[in-house]
Structures are given as structure tokens and as C-alpha cells.
Amino acid sequence: MLQAPSEVGLPVAIRYVAALQAQAALLPRPTLPGVALVQPTPDTLKEMAPHPPRPPTAFPLANYSVSVRVGLVSIITYICLFHGMTAFGLVGPDEPRYAAIARDMATGDDWVTPRLHGQPWLEKPILYYWGAAVGYRLFDDSELAARLPSALSALAALLALAWLTRRFYGNLSALLFGLLFPSSIAILVFARAATPDMLFSSTLALTLTAAMPLVLVSDLRRVFAFQVAFGTALGLAVLAKGPAGVVLAGSSCLLGAVMAKRVSFVSRLAGLPALTSFALIALPWFVLCSLENPEFVQVFLVSHNLDRYLTPVFRHSQPFWFFVPVILLALAPWTAGLIAAVQHVFPQRKGSEWAGSPSVFLAAWALFPVAFFSLSQSKLPGYVLPAVPATTILLAHALALTVRDTKRARAHGIGLAAVLGAMTLTFLVAPGVESSGVEPGAVRPLSVVLGIASVLTGYLGHQGRLGDAIATTALGVALALGQLNVTVLPTLDPVISPRAAAKAASVLADGRPIRSHGLHRAWQYGLEYYLRGPVAAWPHGDSTDMLVVTTTRGMREMQLAGVSVVLLQSVSDEVLLVQTDSEATWPTYR
């Protein structure tokens, strides 16, 4: 009879397991139906290997009851994904446009052609508009309806990826993933944005959830169900963003299969159930929209896909390395854990150890989107969002392995505290925005919560309690976000969103026409959203009685044109509501 090894270490554990397998090979093989021998991967062996004894308090988070752990993840998820979704109005040029299209779809009867103020708007596919339109029918006209599809899709991705992490890496990695994913900067920002980006990333995450077992598990049961799930999720990804879904998912799967030496199983992804479900989900809308809009192929496929990638026509040019700092910021406050993740996947592995490795497959999903869009002539931060889910799984598993080593756990805990400290310092020294009407130091209260979290994380990290340090970091980020929603964003709202300006304009206009002059396009689109229709530009030199939403510079231009204006309200130092005075004989400013 073999004796368990008295030494501690991975090589001994591997030899011990190999000996057990050799001894088991001499025994009669099981003949019960559905019973199969599972070959452990290097990642599984690391989980099985004996580890140095730790103090009882080294990782108490793992010893908490299931209800406590689920409750902690649920609180962090709720705050990061759902809390404060209406704390500020729609911002930027994209949110008000996408929301206006969805609202018009909800109030109309055309659910095929996206329309902005009655005109076809064919830049993006239909999935976001469908989701937000349902939100408008359920919750009426509010920012909640516009942003809910992103938050719900992020939640769906969290649940699916947590299941995937547990299946391949175990409970501890799944628990840490549940803490890391919602509290990452990229996820908590895009999960509350009225744009298709989070939907696209989430549907790709669902695609990964189905693809990984199909490629890596040779004796997978319910292959048919996984193929249907893969085709359905990929079809939804195409409905969210277009052919980029097929390019990213297909290339990432192929690269991962090659690296993990599972090329022979790639054919499962192109099986009849997968292709059929993909076609049933993705093709009908594209066919119908093309029939109703002959210009659809040119506008959507050529202009907003091929031209956007191959040419700088949309003026989003950035250097090749642009996404390196973006992905580091996107993963904050967990950026320091990337060192452990990279060490886990690459340097300590030989080519033979890559066979069937889930970490190598995930690395392909993390690296390909970054590499692919680094070659694009148009670069925006949201382009690398699809790389975040796979990277977060790798981070969670690498940290789960690290907690077993007190020395490494201490180093990574202190690294987490350092990142939180840098975030604290950023809010502490950030200058005021007095020019926009916000008092200096308005964002500094956030540094208190993050600072306390940084100190606690540093203490726990120094004690080698990495799990508790991770939980403290995630909770600190969530509480800081909650404070931001309650105390800071309501103050910033008139500055960053046209919501307050549009409300004041509709009251002060008192039946007069509303025009705009000299506004940034983000404010123009936002004003049109909240006023529920196009807002025409002020005709140069026109002194007819009307209300004009403008800027300080715009008001001076009106005066220089010989028009008398009356300042009705200053929404901020830059956004003014003025009334043209047709009865005055000289340009005035009252």
C-alpha cells in the first residue's frame, strides 16, 4: 500500500497522484453507465496538492457560512451594478441617442428599424434597443429604463462566469470571482451605461461559458445543450454589436484550442445545433432590417464596421499601446493581481502542461480582444471590455492559489492596499471644478471611505489574510460608489448632464420655441432626449422671441450679432438659458 508523501510540494503531489493512477490501472475498470475517469489538469493538481499549514485565521473568509458569503457578494453586486442608476442624467453623445431610439421604439410599432426622431439610425444592431424599449414599457420614461439592460446583462455574466469558475477551479475561486468582477472599474462603469457595450461583453461571456466545456472536456455530457447555448449566446452577441462577435469569439476559441492542444474539439462549436441556434437568433433581424432599409449594409457593415476598423474616419486614432493603460485601469482595484495571474498561466508552464488547461484557454480570451483592437485605426476604451471577464477569472484563480502561501498572500494583500491608496490619493488631490459651479473638494469625501479600506486591506494583507483583504477591498469600492451616488453625483448632475437644463428650459420657455446655440454635441443630443424631440439651432441674427440654450461664449456671439438677450438662468457657469428680446433697440444683458 502506498504511503502519503511526508514532504510538502507540488512535485511530490504529482508523483503521488501518478502512482495512485498507475495502481488504479491494475484494478478492474468501472462498468457502470456514465462513469468515466477524469484526468486531472495541472491546475487541478495544484488545488489537490498539500500546502504548508497556516494559522487558523489565515483565510477566515473561506470558513464563513454560505449565507454570509452569498450575502457579501450580493451586497457588493447590488451596489456596484444597480444602486444609483438614476443619480445622474444621461451623459455623453451616445447615451441620449441610444435611449431616445429605444423610447421611440417602445412608443411606436416598428421594432425592426431603429429610428432617432423618426429617421433610421443604423449604426448599431438591435439588441440594446429591444432591451431598453421593454424597460421603457415597464418603468416609463426614466434613466432606469435606459440603463437596466446593461446592469441585467452584467448580472447574467456574473452568474454564468461564477458557475464556469466553480466548474473548472472550485468554490474558492468562484467566491473570489464574485467579489472581483462587479467591483472592477470597467464593470461598474459600463454596467450603468445606456450603451450596447456591456450587453456585447456579457453575451460574449455567455459564449465563453458554453465554449470552454465544449473545447476542454473530452467526455462532456449534454453536448447538445452546450452547443445550443453556444449558438444562442453568439447570436445574441451579433445582435448586440454585429460581426465583431463572431470575430472575437471564433478567434479566441480557436487560439485557445490551439494553445490548450484541443483543436480536435473545435468542431463541436460548429455542430448543427450550434449553427442552427445561431441562425435562428441572429439572422432574422438582419434580413428584415436589410429588406426595409436598402442602405443598411453600406451604413452598418461597411461604414461602422470595416471603415471604423481599417481607417481613422471616425477620428478615434490612438497609439498601438493605447489599451495597455486602459486594461490596467479597467481591472482596478485588482490590477496588482495581474502579476500572479501571468505567473500562473505562462512562466511556470511547459508546453506539455498546456494540454487541456482552462487557464491557457482563458488567456486566449483575455489576450485576443486586446491584440485585435490594438490593430484597429479607431480605438475607444470600451473596445477591450470583452477581455475583462476572462481576465477576472484568471485573477480570481491566481489569488485563490496565492492565499495558501502566507508570504505571497502578504505581498499581494499589500499590493491591493497600494492600489486603493493610489485611488484614495487621486480623490484627495483632485482639484475642484469651481468653473462648473461645483465647490472645491466635492469629491474628497470619497477618499475617506477608500482610505479606511486601504488601511484595513494593508493590515489584513500584512497578516497574510489575503481573502479578507480582497473582501475588504471589494466592499470599500462598493461603499465609495454608494457614497458617490448619494452625495457627489446629484451635485455634479447639472454640470455633466443636460437633464437639469432641459427641465428648466421647458418651464421657462412658457410656450416659446426652444433653440440651441454653440452647444457640444453631447449636450445637443441630451437636450433633445429630455425635450423629446429635435432642437433646432438658433438662426444667426434672429431676434424673434425665443428661449436659447447656450454657453457663455454663445451668448456673447448672439450679442455681437446685434441681438438683445436676457439671461433667465445659469444652470452652470457654462450652460445658460437666455431669451431673445425683440423689443429692445440695443443689445442688452440683463
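Going by the structure above, here's the rest.
Model, not experiment: these values are computed from the prediction. (Residues numbered from 1 in each chain as written. Predicted model: local features only at pLDDT ≥ 70, side-chain atom pairs only at ≥ 80, totals over all residues. Heavy atoms only, no water.)

> Mind showing me how you'd approach the overall build of the chain here?
Within the chain, the regular secondary structure consists of 23 helices and six strands. Every one of the 590 residues in the chain was classed for burial, and the buried ones make up 52%. Look at the contacts in the chain between residues 6 or more apart in sequence, and 75% of them connect residues 24 or more apart. Accessible area of the chain: about 26200 Å², with a carbon and sulfur share of 65%. (Helix = DSSP H or I, 4+ residues; strand = E, 2+ residues; numbered from the N terminus. Buried < 20%, exposed > 50% of the residue type's maximum accessible area, 1.4 Å probe, protein only. Contact = heavy atoms within 4.5 Å. Areas by Shrake-Rupley, 256 points an atom, 1.4 Å probe, with all protein chains shown as cover.)

> Looking at this model, I keep getting lost on the sheet that holds strand E6 (residues 575-580). Mind explaining?
Strand pairing in a sheet is mediated by backbone hydrogen bonds. Such pairs are either parallel or antiparallel. Strand order in this open sheet of four strands is E3-E4-E6-E5, and the pairing throughout is mixed. Every interior strand has two partners, whereas the edge strands, strand E3 (514-517) and strand E5 (565-570), have only one. For this sheet the average axis-to-axis angle between neighbouring strands, irrespective of direction, equals 30°. In the sheet, strand E4 (residues 547-551) pairs with E6 via five bridges, with the strands oriented antiparallel. Note on E6: the bridge partner recorded for Thr551 is Val575. Contacts from helix H23 (residues 552-560) reach E3, E4, E5 and E6 within the one sheet, and its direction differs from that of E4 by about 120°. (Pairing = 2+ DSSP bridges. Axes fitted to C-alpha atoms, helices over the stretch in contact; angles between N-to-C directions.)

> Explain the environment of Glu574 here, please?
In this structure, Glu574 sits in the loop between E5 and E6. Judged by relative accessible area, Glu574 falls into the partly exposed class, the value being 45%. Between the C-alpha atoms of Glu574 and Arg553, which are 21 residues apart in sequence, the distance is 8.3 Å. If we ignore the near neighbours within four places in the chain, the residues touching Glu574 are Thr550, Thr551 and Thr552.

> Before we go on, may I ask you to explain the pattern of salt bridges in this structure?
Oppositely charged side chains may form a pair once their charged atoms are brought near each other. The full count for this structure, using the stated rule, is eleven salt bridges. We note a salt bridge from Asp493 to Arg499, for which the minimum N-O separation is 3.2 Å. When its relative accessible area of 8% is taken as the criterion, Asp493 is described as buried. Arg499 gets classed as partly exposed once you look at its relative accessible area, which sits at 21%. Residues Arg512 and Asp545 are paired through a salt bridge, measuring 3.9 Å at the closest nitrogen-oxygen approach. Pair noted here: Arg512 is in the loop between helix H21 (499-509) and E3 and Asp545 is in the loop between helix H22 (521-530) and E4, with a separation of 33 residues, a long-range link. It is possible to trace a salt-bridge network through shared partners that takes in Arg103, Asp141 and Arg532. (Salt bridge = Lys/Arg side-chain N within 4 Å of Asp/Glu carboxyl O.)

> Help me out: how do you make sense of helix H20 (residues 466-496) in this one?
Note that an α-helix has 3.6 residues per turn; residues three or four places apart therefore point the same way. Relative to the 45 Å expected for 31 residues at 1.5 Å per residue, H20 spans just 38 Å between its end C-alpha atoms, considerably shorter than the ideal helical length. Taking the largest bend as the criterion, H20 deviates by roughly 55°, centred on Leu489, and proline Pro490 comes between one and four positions later. (Expected span 1.5 Å × (residues − 1). Bend = angle between axes of the 7 residues up to and from the residue.)

> Teacher, can you tell me more about the nonpolar core here?
Of all hydrophobic cores here, the largest spans 138 residues; its most connected members are Leu179, Leu208, Phe230 and Ile470. Setting aside anything within four residues of it in sequence, one finds Leu208 in contact with Leu161, Leu164, Pro213, Phe361, Leu362, Trp365 and Ala390. Listed in part, the 15 residues of the second largest apolar core include Ala501, Ala504, Ala509 and Val549. (Core = buried A, V, L, I, M, F, W, Y, C linked by side-chain atoms within 4.5 Å.)

> In this structure, what is going on with the side chain of Lys124? I would like to understand it.
Note on placement: Lys124 falls in the loop between strand E2 (119-120) and helix H5 (127-139). Glu123 provides the closest opposite charge to the buried, salt-bridge-free Lys124, at an N-O distance of 4.6 Å. Not counting residues up to four positions away in its chain, the partners in contact with Lys124 are Tyr98, Pro114, Tyr129, Lys241, Trp285, Phe300 and Arg308. (Lys, Arg positive; Asp, Glu negative; His and termini not counted.)

> Explain the side chain of Asn293 here, please?
On the secondary structure map, Asn293 appears in the loop between helix H12 (272-292) and helix H13 (296-310). A distance of 2.9 Å separates a polar atom in the side chain of Asn293 from a polar atom in the side chain of Thr113. Apart from residues no more than four positions distant in its own chain, Asn293 is found in contact with Thr113, Pro120 and Leu122. (Polar contact = N/O pair within 3.5 Å; in protein donor to acceptor, adjacent residues only side chain to side chain.)

> Just to check I follow, could you spell out the pairing of E3 for this structure?
Regular strands place their side chains on alternate faces of the sheet. Pairing of E3 with E4, which is carried by four bridges, proceeds in the parallel orientation. Paired with Arg515 across the strands is Val548, a residue of E4. In this view, the connection linking E3 to its parallel neighbour E4 by way of H22 has left-handed handedness. (Right-handed = clockwise from strand over helix to strand, strands pointing away.)

> How do you make sense of the environment of Pro273 when you look at a structure like this?
Examined against the element boundaries, Pro273 turns out to sit in helix H12. Separated by 50 residues in sequence, Pro273 and Val223 place their C-alpha atoms 9.5 Å apart. Setting aside residues no more than four positions away along its own chain, Pro273 makes contact with Phe224, Gln227 and Val228.

> Please clarify how the pairing of E5 should be interpreted in this entry.
In the sheet, E5 pairs with E6 via five bridges, with the strands oriented antiparallel. The partner of Leu567 across the bridge, within E6, is Val578. Linkage of E5 to E6, two consecutive antiparallel strands, is achieved through a turn of four residues.

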